[in-house]
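Structure assessment
Each chain is listed here by its residues.
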Amino acid sequence: MNSAVAKSNRPYLLLTPGPLTTSDTVKEAMLRDWCTWDNDYNSLVQSIRSRLVHLATNTPELYTAVLMQGSGTFCVESVIGSVIPRSGKLLVLTNGAYGNRVAQMARVYRIDTSVLDFGETDQVHPADVEQRLQEETDITHVAIVHCETTTGMLNPIAEVAAIAKAHGKTVIVDAMSSFGGIPIDVHELQIDYLISSANKCIQGVPGFGFIIARTEALAGCEGQARSLSLDLYDQWSAMEKGNGKWRFTSPTHVVRAFDQALRELEQEGGIDARYKRYKANQELLVNGMRSLGFCSLIKSNVQSPFITAFYYPQSIAFSFNELYARLKAAGFVIYPGKISAADTFRIGNIGEVYREDIANLLQIIEDECFW
Ligand SMILES: *Cc1c(COP(=O)(O)O)cnc(C)c1O
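Residues numbered from 1 in each chain as written. Predicted model: local features only at pLDDT ≥ 70, side-chain atom pairs only at ≥ 80, totals over all residues. Heavy atoms only, no water.

Taking an unreviewed UniProt entry as the reference, the protein chain is identified by name as 2-aminoethylphosphonate--pyruvate transaminase belonging to Paenibacillus taihuensis. The UniProt entry for the protein chain carries the following comment under Cofactor (unreviewed entry): "pyridoxal 5'-phosphate". Listed under Function (unreviewed entry) in UniProt, the entry text for the protein chain is "Involved in phosphonate degradation." (UniProt positions renumbered as here; feature names shortened; annotations may be inferred.)

Right, here's the structure in full:
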(Lines give C-alpha, C1' and ligand atoms only; values in the text may rest on other atoms or scores of the structure.)
Protein backbone atom coordinates (compact mmCIF):
# COMPACT_ATOMS: atom_id res chain seq x y z
CA MET A 1 0.00 0.00 0.00
CA ASN A 2 2.67 2.47 0.96
CA SER A 3 5.55 1.62 -1.29
CA ALA A 4 7.07 5.03 -0.93
CA VAL A 5 9.56 4.73 -3.75
CA ALA A 6 6.77 4.37 -6.28
CA LYS A 7 5.37 7.80 -5.48
CA SER A 8 6.46 10.36 -8.03
CA ASN A 9 7.27 13.11 -5.55
CA ARG A 10 9.58 10.81 -3.60
CA PRO A 11 12.72 10.20 -5.60
CA TYR A 12 14.02 8.23 -2.64
CA LEU A 13 12.92 7.07 0.76
CA LEU A 14 14.78 8.72 3.63
CA LEU A 15 16.09 6.09 6.02
CA THR A 16 17.49 8.81 8.25
CA PRO A 17 16.60 9.97 11.76
CA GLY A 18 14.83 13.10 10.51
CA PRO A 19 14.01 15.01 8.46
CA LEU A 20 12.34 11.84 7.32
CA THR A 21 9.93 10.73 4.63
CA THR A 22 6.53 12.29 5.27
CA SER A 23 3.18 11.36 3.77
CA ASP A 24 1.86 13.14 0.69
CA THR A 25 -1.01 14.49 2.78
CA VAL A 26 1.41 16.08 5.27
CA LYS A 27 3.20 17.79 2.39
CA GLU A 28 -0.09 18.86 0.78
CA ALA A 29 -1.17 20.52 4.02
CA MET A 30 1.44 23.19 3.30
CA LEU A 31 -0.24 24.37 0.08
CA ARG A 32 -2.01 27.23 1.76
CA ASP A 33 -0.90 30.52 3.29
CA TRP A 34 -1.86 31.43 6.83
CA CYS A 35 -1.96 34.68 8.68
CA THR A 36 -0.03 34.47 11.94
CA TRP A 37 -2.40 36.58 14.04
CA ASP A 38 -5.70 35.36 12.67
CA ASN A 39 -7.88 33.30 14.96
CA ASP A 40 -7.94 30.34 12.51
CA TYR A 41 -4.21 29.93 12.84
CA ASN A 42 -3.98 30.69 16.55
CA SER A 43 -6.66 28.15 17.43
CA LEU A 44 -4.78 25.56 15.38
CA VAL A 45 -1.68 26.34 17.47
CA GLN A 46 -3.66 25.95 20.70
CA SER A 47 -5.08 22.65 19.53
CA ILE A 48 -1.60 21.37 18.67
CA ARG A 49 -0.28 22.40 22.10
CA SER A 50 -3.11 20.61 23.83
CA ARG A 51 -2.79 17.46 21.72
CA LEU A 52 0.95 17.34 22.44
CA VAL A 53 0.36 17.47 26.18
CA HIS A 54 -2.19 14.65 25.89
CA LEU A 55 0.30 12.56 23.91
CA ALA A 56 2.89 13.14 26.63
CA THR A 57 0.88 12.28 29.72
CA ASN A 58 -2.34 10.99 31.21
CA THR A 59 -2.11 13.85 33.71
CA PRO A 60 -2.37 16.75 31.24
CA GLU A 61 -3.55 19.29 33.82
CA LEU A 62 -0.02 19.53 35.27
CA TYR A 63 1.77 20.11 31.95
CA THR A 64 1.91 22.64 29.16
CA ALA A 65 3.43 22.66 25.66
CA VAL A 66 5.49 25.44 24.11
CA LEU A 67 6.26 25.54 20.40
CA MET A 68 9.60 27.08 19.41
CA GLN A 69 10.93 28.13 16.00
CA GLY A 70 14.04 26.47 14.62
CA SER A 71 15.44 22.96 14.57
CA GLY A 72 15.51 20.65 17.57
CA THR A 73 18.78 22.10 18.83
CA PHE A 74 17.15 25.53 19.21
CA CYS A 75 14.52 23.97 21.47
CA VAL A 76 17.09 22.17 23.63
CA GLU A 77 19.00 25.43 23.86
CA SER A 78 15.87 27.34 24.86
CA VAL A 79 15.43 24.95 27.80
CA ILE A 80 19.08 24.94 28.87
CA GLY A 81 19.30 28.73 28.56
CA SER A 82 15.99 29.50 30.30
CA VAL A 83 15.27 27.07 33.13
CA ILE A 84 18.54 27.02 35.07
CA PRO A 85 18.88 29.99 37.43
CA ARG A 86 22.17 31.89 37.72
CA SER A 87 22.85 30.06 40.97
CA GLY A 88 22.03 26.67 39.41
CA LYS A 89 24.27 23.84 38.30
CA LEU A 90 23.59 21.38 35.51
CA LEU A 91 24.59 17.72 35.40
CA VAL A 92 24.78 16.49 31.81
CA LEU A 93 24.70 12.72 31.22
CA THR A 94 26.21 11.90 27.87
CA ASN A 95 26.95 8.96 25.63
CA GLY A 96 27.06 10.61 22.26
CA ALA A 97 26.96 13.74 20.14
CA TYR A 98 23.60 15.02 21.39
CA GLY A 99 24.51 14.74 25.06
CA ASN A 100 27.78 16.48 24.28
CA ARG A 101 25.85 19.23 22.53
CA VAL A 102 23.85 19.91 25.70
CA ALA A 103 27.13 20.29 27.62
CA GLN A 104 28.43 22.61 24.90
CA MET A 105 25.33 24.82 25.16
CA ALA A 106 25.77 25.06 28.91
CA ARG A 107 29.39 26.15 28.39
CA VAL A 108 28.36 28.82 25.85
CA TYR A 109 25.92 30.21 28.41
CA ARG A 110 28.57 29.93 31.18
CA ILE A 111 26.30 27.71 33.23
CA ASP A 112 28.06 25.84 36.02
CA THR A 113 28.16 22.31 34.57
CA SER A 114 29.18 18.82 35.59
CA VAL A 115 29.47 16.16 32.88
CA LEU A 116 29.16 12.41 33.35
CA ASP A 117 30.45 10.78 30.16
CA PHE A 118 29.71 7.12 29.48
CA GLY A 119 31.61 6.89 26.21
CA GLU A 120 29.97 6.16 22.89
CA THR A 121 28.60 2.65 23.25
CA ASP A 122 27.58 2.32 26.91
CA GLN A 123 24.21 3.21 28.34
CA VAL A 124 23.97 5.88 31.05
CA HIS A 125 24.46 4.01 34.36
CA PRO A 126 21.94 5.08 37.03
CA ALA A 127 24.31 4.08 39.88
CA ASP A 128 26.92 6.55 38.61
CA VAL A 129 24.30 9.27 38.49
CA GLU A 130 23.37 8.51 42.10
CA GLN A 131 27.01 8.76 43.11
CA ARG A 132 27.60 12.05 41.29
CA LEU A 133 24.50 13.58 42.89
CA GLN A 134 25.77 12.54 46.31
CA GLU A 135 29.19 14.02 45.60
CA GLU A 136 28.03 17.29 44.06
CA THR A 137 25.09 18.41 46.13
CA ASP A 138 25.00 21.83 44.44
CA ILE A 139 23.65 20.27 41.22
CA THR A 140 20.13 21.58 40.58
CA HIS A 141 19.26 20.18 37.12
CA VAL A 142 19.94 16.88 35.35
CA ALA A 143 19.86 16.53 31.55
CA ILE A 144 19.72 13.23 29.67
CA VAL A 145 19.12 12.20 26.05
CA HIS A 146 16.45 9.51 25.68
CA CYS A 147 17.45 8.01 22.34
CA GLU A 148 21.07 8.97 21.60
CA THR A 149 20.69 9.18 17.84
CA THR A 150 24.48 8.94 17.39
CA THR A 151 24.24 5.19 17.98
CA GLY A 152 20.51 4.49 18.32
CA MET A 153 20.99 3.78 22.05
CA LEU A 154 18.03 4.08 24.41
CA ASN A 155 18.95 5.50 27.81
CA PRO A 156 17.18 4.51 31.07
CA ILE A 157 15.26 7.75 31.62
CA ALA A 158 12.85 6.26 34.15
CA GLU A 159 15.62 5.12 36.52
CA VAL A 160 17.64 8.31 36.09
CA ALA A 161 14.65 10.60 36.61
CA ALA A 162 13.66 8.69 39.75
CA ILE A 163 17.16 9.13 41.19
CA ALA A 164 17.29 12.81 40.24
CA LYS A 165 13.87 13.41 41.80
CA ALA A 166 14.84 11.57 45.00
CA HIS A 167 17.56 14.24 45.26
CA GLY A 168 15.10 17.03 44.45
CA LYS A 169 16.55 17.91 41.04
CA THR A 170 14.83 19.25 37.94
CA VAL A 171 14.81 16.69 35.09
CA ILE A 172 15.39 17.66 31.45
CA VAL A 173 15.01 15.00 28.72
CA ASP A 174 16.05 15.40 25.08
CA ALA A 175 13.48 13.04 23.56
CA MET A 176 13.99 14.45 20.09
CA SER A 177 14.24 11.19 18.19
CA SER A 178 11.93 9.15 20.44
CA PHE A 179 8.85 11.19 21.38
CA GLY A 180 5.83 10.03 19.37
CA GLY A 181 7.50 6.72 18.55
CA ILE A 182 7.55 5.11 21.98
CA PRO A 183 5.17 5.45 24.93
CA ILE A 184 6.38 8.04 27.48
CA ASP A 185 4.35 9.55 30.33
CA VAL A 186 6.18 12.64 31.56
CA HIS A 187 4.21 12.76 34.80
CA GLU A 188 4.78 9.10 35.66
CA LEU A 189 8.45 9.42 34.78
CA GLN A 190 8.73 12.70 36.78
CA ILE A 191 10.14 14.65 33.84
CA ASP A 192 10.01 18.44 34.17
CA TYR A 193 11.01 19.33 30.60
CA LEU A 194 10.83 17.07 27.57
CA ILE A 195 12.05 18.34 24.21
CA SER A 196 11.24 17.05 20.72
CA SER A 197 10.77 18.40 17.21
CA ALA A 198 8.31 18.39 14.33
CA ASN A 199 10.38 16.34 11.95
CA LYS A 200 11.04 13.16 13.88
CA CYS A 201 8.59 10.51 15.16
CA ILE A 202 5.52 12.75 14.78
CA GLN A 203 6.44 12.72 11.07
CA GLY A 204 6.07 16.40 10.27
CA VAL A 205 8.45 18.59 8.29
CA PRO A 206 11.35 20.57 9.83
CA GLY A 207 10.92 24.13 11.10
CA PHE A 208 10.01 24.07 14.75
CA GLY A 209 10.18 21.97 17.88
CA PHE A 210 8.30 21.77 21.14
CA ILE A 211 8.83 21.55 24.85
CA ILE A 212 6.47 19.68 27.16
CA ALA A 213 6.95 21.39 30.51
CA ARG A 214 5.61 20.86 33.99
CA THR A 215 3.65 24.09 34.26
CA GLU A 216 4.66 24.82 37.84
CA ALA A 217 8.36 24.47 36.98
CA LEU A 218 8.18 26.68 33.88
CA ALA A 219 6.10 29.30 35.68
CA GLY A 220 9.10 29.93 37.94
CA CYS A 221 11.51 30.73 35.08
CA GLU A 222 10.60 34.33 34.32
CA GLY A 223 13.57 36.59 33.61
CA GLN A 224 16.14 33.79 33.68
CA ALA A 225 16.78 33.37 29.96
CA ARG A 226 20.22 34.06 28.56
CA SER A 227 18.81 34.67 25.07
CA LEU A 228 15.95 36.83 23.85
CA SER A 229 14.62 34.75 20.95
CA LEU A 230 15.10 31.47 22.82
CA ASP A 231 13.43 32.62 26.03
CA LEU A 232 11.20 29.65 26.84
CA TYR A 233 9.26 31.43 29.56
CA ASP A 234 8.45 34.42 27.34
CA GLN A 235 7.49 32.18 24.43
CA TRP A 236 5.14 30.27 26.72
CA SER A 237 3.70 33.34 28.34
CA ALA A 238 3.01 34.98 24.93
CA MET A 239 1.31 31.81 23.68
CA GLU A 240 -0.81 31.59 26.81
CA LYS A 241 -1.82 35.27 26.86
CA GLY A 242 -2.31 35.51 23.11
CA ASN A 243 -4.22 32.21 22.79
CA GLY A 244 -1.73 30.66 20.42
CA LYS A 245 0.28 33.68 19.25
CA TRP A 246 4.01 33.20 18.75
CA ARG A 247 6.33 36.02 19.76
CA PHE A 248 8.05 36.21 16.37
CA THR A 249 7.17 34.98 12.87
CA SER A 250 6.18 31.35 13.08
CA PRO A 251 6.65 28.66 10.42
CA THR A 252 2.96 28.68 9.46
CA HIS A 253 3.13 26.06 6.70
CA VAL A 254 5.17 23.75 8.87
CA VAL A 255 2.69 24.13 11.72
CA ARG A 256 -0.16 23.26 9.34
CA ALA A 257 1.75 20.17 8.19
CA PHE A 258 2.34 19.23 11.82
CA ASP A 259 -1.37 19.41 12.54
CA GLN A 260 -1.92 16.95 9.68
CA ALA A 261 0.90 14.74 10.98
CA LEU A 262 -0.77 14.62 14.41
CA ARG A 263 -4.04 13.56 12.76
CA GLU A 264 -2.21 10.79 10.93
CA LEU A 265 -0.58 9.62 14.16
CA GLU A 266 -4.06 9.36 15.62
CA GLN A 267 -5.35 7.52 12.53
CA GLU A 268 -2.51 5.03 12.81
CA GLY A 269 -3.73 4.20 16.31
CA GLY A 270 -1.63 6.57 18.38
CA ILE A 271 1.85 6.20 19.82
CA ASP A 272 1.41 2.51 20.75
CA ALA A 273 0.61 1.57 17.16
CA ARG A 274 3.43 3.68 15.76
CA TYR A 275 5.85 2.14 18.24
CA LYS A 276 4.82 -1.33 17.04
CA ARG A 277 5.38 -0.38 13.40
CA TYR A 278 8.81 1.11 14.13
CA LYS A 279 9.80 -1.87 16.25
CA ALA A 280 8.73 -4.32 13.53
CA ASN A 281 10.68 -2.26 10.95
CA GLN A 282 13.79 -2.21 13.11
CA GLU A 283 13.67 -5.94 13.90
CA LEU A 284 13.23 -6.83 10.25
CA LEU A 285 16.12 -4.54 9.39
CA VAL A 286 18.57 -5.81 11.98
CA ASN A 287 17.76 -9.48 11.41
CA GLY A 288 18.07 -9.05 7.66
CA MET A 289 21.33 -7.13 7.95
CA ARG A 290 22.75 -9.79 10.27
CA SER A 291 21.92 -12.51 7.78
CA LEU A 292 23.82 -10.45 5.17
CA GLY A 293 26.83 -10.37 7.49
CA PHE A 294 26.47 -6.92 9.09
CA CYS A 295 26.96 -6.59 12.86
CA SER A 296 25.09 -3.93 14.79
CA LEU A 297 27.11 -1.56 16.97
CA ILE A 298 25.13 -1.83 20.19
CA LYS A 299 23.41 -4.68 22.00
CA SER A 300 19.75 -5.37 21.23
CA ASN A 301 18.66 -4.80 24.84
CA VAL A 302 19.69 -1.13 24.60
CA GLN A 303 18.79 -0.66 20.94
CA SER A 304 16.03 1.84 20.09
CA PRO A 305 13.38 1.03 17.47
CA PHE A 306 14.30 4.20 15.51
CA ILE A 307 17.79 3.99 14.07
CA THR A 308 20.47 1.29 13.99
CA ALA A 309 24.23 1.64 13.62
CA PHE A 310 26.12 -1.10 11.76
CA TYR A 311 29.85 -1.78 11.59
CA TYR A 312 31.43 -1.69 8.17
CA PRO A 313 31.96 -5.26 7.00
CA GLN A 314 35.51 -6.57 7.42
CA SER A 315 36.16 -6.76 3.67
CA ILE A 316 38.63 -4.12 2.45
CA ALA A 317 36.56 -3.87 -0.72
CA PHE A 318 33.73 -2.27 1.27
CA SER A 319 33.14 1.41 0.64
CA PHE A 320 30.34 3.27 2.40
CA ASN A 321 30.22 5.86 -0.38
CA GLU A 322 29.75 3.11 -2.94
CA LEU A 323 26.97 1.48 -0.93
CA TYR A 324 25.36 4.88 -0.36
CA ALA A 325 25.42 5.70 -4.09
CA ARG A 326 24.01 2.33 -5.13
CA LEU A 327 21.21 2.48 -2.58
CA LYS A 328 20.38 6.06 -3.53
CA ALA A 329 20.10 5.04 -7.18
CA ALA A 330 17.75 2.27 -6.06
CA GLY A 331 15.58 4.69 -4.05
CA PHE A 332 16.95 4.63 -0.49
CA VAL A 333 19.03 7.20 1.37
CA ILE A 334 20.95 5.92 4.40
CA TYR A 335 23.07 7.77 6.94
CA PRO A 336 26.80 7.88 7.70
CA GLY A 337 28.10 6.92 11.15
CA LYS A 338 28.87 9.45 13.84
CA ILE A 339 31.12 7.78 16.38
CA SER A 340 34.89 8.04 16.53
CA ALA A 341 35.78 4.60 17.88
CA ALA A 342 34.67 2.52 14.89
CA ASP A 343 33.66 2.74 11.24
CA THR A 344 29.89 2.56 11.18
CA PHE A 345 26.92 3.65 9.14
CA ARG A 346 23.32 4.07 10.24
CA ILE A 347 19.93 3.14 8.87
CA GLY A 348 16.81 4.80 10.23
CA ASN A 349 13.39 3.21 10.03
CA ILE A 350 11.07 6.02 11.15
CA GLY A 351 8.74 8.14 8.99
CA GLU A 352 6.48 6.78 6.26
CA VAL A 353 8.45 3.55 6.20
CA TYR A 354 6.82 0.14 6.21
CA ARG A 355 7.90 -3.49 6.34
CA GLU A 356 7.84 -3.84 2.57
CA ASP A 357 10.22 -0.89 2.26
CA ILE A 358 12.68 -2.54 4.64
CA ALA A 359 12.28 -5.85 2.79
CA ASN A 360 13.02 -4.06 -0.51
CA LEU A 361 16.06 -2.38 1.00
CA LEU A 362 17.45 -5.69 2.25
CA GLN A 363 16.90 -7.29 -1.15
CA ILE A 364 18.81 -4.48 -2.85
CA ILE A 365 21.68 -4.66 -0.36
CA GLU A 366 21.88 -8.39 -1.03
CA ASP A 367 21.79 -7.87 -4.81
CA GLU A 368 24.39 -5.10 -4.60
CA CYS A 369 26.87 -7.04 -2.44
CA PHE A 370 30.05 -5.80 -4.14
CA TRP A 371 32.47 -6.25 -1.30
C1 LIG B 1 17.73 15.35 15.86
C2 LIG B 1 18.18 15.47 17.27
C3 LIG B 1 18.40 16.73 17.87
C4 LIG B 1 18.21 18.04 17.16
O5 LIG B 1 18.92 18.14 16.01
P6 LIG B 1 18.60 19.30 14.97
O7 LIG B 1 19.55 19.01 13.87
O8 LIG B 1 18.84 20.58 15.63
O9 LIG B 1 17.15 19.14 14.60
C10 LIG B 1 18.72 16.76 19.21
N11 LIG B 1 18.86 15.64 19.93
C12 LIG B 1 18.66 14.42 19.38
C13 LIG B 1 18.81 13.20 20.25
C14 LIG B 1 18.33 14.29 18.04
O15 LIG B 1 18.14 13.09 17.50
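Taken from the UniProt record, the annotation "modified residue: N6-(pyridoxal phosphate)lysine" (unreviewed entry) applies to K200. Along the chain, the position of K200 falls in the loop between β9 (193–197) and β10 (208–214). A residue is classified by how much of its surface remains accessible, and K200, at 10% relative accessible area, is buried. If we ignore the near neighbours within four places in the chain, the residues touching K200 are P17, G18, L20, M176 and S177. (Helix = DSSP H or I, 4+ residues; strand = E, 2+ residues; numbered from the N terminus. Buried < 20%, exposed > 50% of the residue type's maximum accessible area, 1.4 Å probe, protein only. Contact = heavy atoms within 4.5 Å.)

All right, on to unusual backbone geometry then. The peptide bond linking G18 to P19 adopts the cis configuration, its omega dihedral lying at 0 degrees. For P19, the location among the structural elements is in the loop between β1 (13–14) and α1 (24–28). Within the chain, Q190 stands out as a residue other than glycine whose phi angle is a positive 60 degrees. When its relative accessible area of 36% is taken as the criterion, Q190 is described as partly exposed. In this structure, Q203 is a non-glycine residue whose phi angle is positive, near 70 degrees. Note on placement: Q203 falls in the loop between β9 and β10. On the basis of relative accessibility, which here comes to 4%, the residue Q203 falls in the buried class.

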